[in-house]
Amino acid sequence: MKTLIVYCSSHGTTEKAVQMVSEWLEGEVLTVDLKRDKITFDVCDYDFVIIGGSIHAGSIQGKIKNFIGKQYEELLTKKLGLFLCCWHDGETALEQFDKAFPEELRNVSIANGIFGGEFLVSKMNFIERQIVKKVSGVTNDTSNLDTTAIMTFVMKINTTLSLV
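Position numbers for residues start from 1 in each chain and track the written sequence from start to end. In keeping with the model being predicted, local features are shown solely for residues with a pLDDT of at least 70 and side-chain atom pairs are shown and tallied solely at 80 or more, while totals for entire chains, interfaces and linings include all residues. Side-chain descriptors were evaluated using all non-hydrogen atoms of the structure, hydrogens and water having been removed beforehand.

Caption draft 1: Local environment of the nonpolar core. By size, the foremost hydrophobic cluster in this structure holds 25 residues, and its most contacted members are Ile51, Phe67, Ile68, Leu75, Leu84 and Phe101. In DSSP terms, a helix is any run of H or I states spanning at least four residues, a strand is any run of E spanning at least two, and both are numbered starting from the N terminus. For this core, the elements supplying multiple residues, two or more each, are β1 (2-7), β3 (48-56), α2 (62-75), β5 (79-85) and α3 (90-100). Looking at which element gives the most residues to this core, the answer is α2, with five residues. Here, two residues are considered to be in contact whenever any of their heavy atoms come within 4.5 Å of each other. Contact partners of leucine 75, with chain neighbours within four places excluded, come to Val43, Val49, Ile51, Phe67, Ile68, Leu80 and Leu105. For the purposes of this section, nonpolar cores are sets of buried Ala, Val, Leu, Ile, Met, Phe, Trp, Tyr and Cys residues that join through side-chain atoms within 4.5 Å. Note on exposure labels: buried denotes an accessible area under 20% of the residue type's maximum, exposed denotes more than 50%, and partly exposed covers the range between, all computed with a 1.4 Å probe on protein chains only. One finds Ile5, Met20, Ile150 and Val154 within the second-largest nonpolar core, a separate group that totals 20 residues.

The following block contains the structure:
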């Protein structure tokens, strides 16, 4: 089975989550950071597609939205996994997840994950640091990345892949 993981990582948290997912997934895996990688790929060539991103100012990255928009019909025909890295948990995280991914994709997705997040203040520019400090009070690198949620997400996918 061939799996494609498409994501955006601004400061490295989503990339860290993707590294864990790709290490634990069974089969061949291609990871593509839409923000940095200049890799040509065709979604049609993959059996399973995982899409992930993070929340900035209440929304997922535009490159993820554009990818979903361009590939929407093809994505509906794929085995699909969706994940989000976000600082919040509970109802707020669920609302952010629902806002990040179209309902139809959420409904057909085999695995949906909310992986927690990080404030990597040391990697932020001045304006980002000021916004984070004002909104959350965080002034130092802080993490609540949920490796259990990541492992649960991967286990759902591996179980599905082994049944095929």
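Caption draft 2: Structural detail: the pattern of salt bridges. Should a side-chain nitrogen of Lys or Arg be within 4 Å of a carboxyl oxygen of Asp or Glu, the pair is scored as a salt bridge. Following the criterion strictly, the structure yields three salt bridges and no others. Put simply, arginine 36 and aspartate 33 hold a salt bridge, and the shortest N to O gap is 2.8 Å. Exposure remark for aspartate 33: the relative accessible area of 2% places this residue in the buried category. Across the salt bridge formed by arginine 106 and aspartate 98, the nearest N and O atoms sit 3.1 Å from each other. Taking relative accessible area as the criterion, arginine 106 reaches 18% and is therefore assigned buried.

Caption draft 3: Geometry of a positive patch on the surface. Each patch is built from salt-bridge-free residues with over 30% relative accessible area, joining like charges within 9 Å and nonpolar side chains (Val, Leu, Ile, Met, Phe, Trp, Tyr) within 5 Å. Note that accessible areas follow from Shrake-Rupley with a 1.4 Å probe, and for residues the cover is restricted to the protein chains shown. The sign given to each residue is positive for Lys and Arg and negative for Asp and Glu; His and the chain ends receive no count. The atom standing in for a charge is NZ when the residue is Lys, CZ when it is Arg, CG when it is Asp and CD when it is Glu. A contiguous patch of positive charge, built from Lys35, Lys38, Lys63 and Lys70, is present on the exposed surface. Among the secondary structure elements, lysine 63 is positioned in helix α2. Exposure remark for lysine 63: the relative accessible area of 44% places this residue in the partly exposed category.

Caption draft 4: Broad picture of the layout of surface pockets. The calculated volume of the second largest pocket comes to roughly 230 Å³. Cavities and pockets were defined on a 1 Å grid built over protein atoms only: a cavity is a set of grid points that admits a 1.4 Å probe from which the probe cannot escape, a pocket is an open set flanked by protein on both sides within 12 Å along at least five of seven lines, and lining residues are those with an atom within 4 Å of any such point. Contributing to the lining of the second largest pocket are Val32, Leu34, Asp37, Ile39, Phe41, Asp42, Val43, Lys63, Asn66, Phe67, Lys70 and Gln71. For the lining of the second largest pocket, the element with the highest residue contribution is α2, accounting for five residues. Basically, the charged four are Asp, Glu, Lys and Arg, the nonpolar ten are Ala, Val, Leu, Ile, Met, Phe, Trp, Tyr, Cys and Pro, and anything else, Gly included, counts as polar. Partitioning the lining of the second largest pocket into residue classes produces six nonpolar, two polar and four charged. Grid points are joined across faces, edges and corners, and a volume is the space filled by probe spheres set on the points.

Caption draft 5: Examining a nonpolar patch on the surface more closely. On the surface, a cluster of nonpolar side chains totalling about 260 Å² of accessible area is made up of Trp24, Met151 and Met155. With respect to the helices and strands, the residue tryptophan 24 is situated in helix α1 (residues 13-24). Relative accessible area serves as the criterion here: at 30%, tryptophan 24 is assigned to the partly exposed category.

Caption draft 6: Geometry of the pairing of strand β6 (residues 111-114). Of the two faces of β6, the one holding Ala111 and Gly113 is buried and the one holding Asn112 and Ile114 is not buried anywhere. If DSSP finds at least two bridges between two strands, the strands pair. Direction of pairing for β5 relative to β6: parallel, over a ladder of four bridges. Paired with glycine 81 across the strands is alanine 111, a residue of β6.

Caption draft 7: Looking closely at the pairing of β3. Among the nine residues of β3, eight are classified as buried, and the element is accordingly described as predominantly covered. The sheet contact formed by β1 and β3 spans five bridges and is parallel. The partner of threonine 3 across the bridge, within β3, is phenylalanine 48. Strand direction decides the pairing type here: β3 and β5, joined by seven bridges, are parallel. Counterpart to isoleucine 51 in the pairing with β5 is leucine 82. Where β3 folds back onto strand β4 (residues 59-60) in an antiparallel hairpin, the turn is made up of two residues, including alanine 57, whose phi is positive at roughly 55°.

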